[in-house]
Amino acid sequence: MSHTWNDAPPHTDGDAAGPAGPDTTATRVWLARRVAEHLRMAPADLSPDIPLSEYGLDSVYALSVAADLEDRLGITVDPTVLWDNPTLNALCAAVERSAAPATPSSASAGEAADARGDVW
């Protein structure tokens, strides 16, 4: 099922990452809006399954979006995450995975730190 980017409530300050992690719906909508702003297009015109490079997102904008993610989520984001996850759906899934808490029994210390979003 394809996600519609404009079907969630608008971003508010209360949507930022909290102790349990980011509000994923609000983060998805925020991310779509942020990418659309960089591309100078309406968020509704972005398909969540089309590579962002097809819209013209280049390495300069990718660095900017990565920095925006760091500011919003309070984690370190490797700028290559946008190339490793080239669509909005893939990028959102990567953000959600990085913000998901790790279970100590199933993750090493390094994997737990990565899953908490300490290093992405």
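Caption draft 1: Inspection of the overall build of the chain at higher detail. Helices and strands together make up the secondary structure of the chain, namely five helices and zero strands. The buried share of the chain, reckoned over its 120 residues, is 38%. Sequence-distant contacts, at least 24 apart, represent 57% of the contacts inside the chain between residues at least 6 apart.

Caption draft 2: Here's a closer look at the pattern of salt bridges. Throughout the structure, instances matching the rule amount to three salt bridges. The closest approach of N and O atoms between arginine 34 and glutamate 37, which form a salt bridge, is 2.5 Å. You can see arginine 34 and its partner glutamate 37 sitting in helix α1 (residues 24–39), three residues apart, about one turn around the helix. Put simply, aspartate 68 and arginine 34 hold a salt bridge, and the shortest N to O gap is 2.6 Å. Of this pair, aspartate 68 sits in helix α2 (residues 59–73) while arginine 34 sits in helix α1, placing them 34 residues apart in sequence. Through salt bridges with shared partners, a single ionic network connects Arg34, Glu37 and Asp68.

Caption draft 3: Region of the structure containing the confidence of the model for the chain. On average, the chain scores 73 in pLDDT, and the residues at 70 or more come to 62%. Mean pLDDT values over the elements of the chain span from 51, in helix α5 (residues 109–116), up to 90, in helix α3 (residues 81–84). Counted against residues more than four places away or in other chains, residues 1–21, with its pLDDT under 50, gives 31 contacts.

Conventions and cut-offs
Residues numbered from 1 in each chain as written. Predicted model: local features only at pLDDT ≥ 70, side-chain atom pairs only at ≥ 80, totals over all residues. Heavy atoms only, no water. Helix = DSSP H or I, 4+ residues; strand = E, 2+ residues; numbered from the N terminus. Buried < 20%, exposed > 50% of the residue type's maximum accessible area, 1.4 Å probe, protein only. Contact = heavy atoms within 4.5 Å. Salt bridge = Lys/Arg side-chain N within 4 Å of Asp/Glu carboxyl O. pLDDT = per-residue confidence, 0-100.

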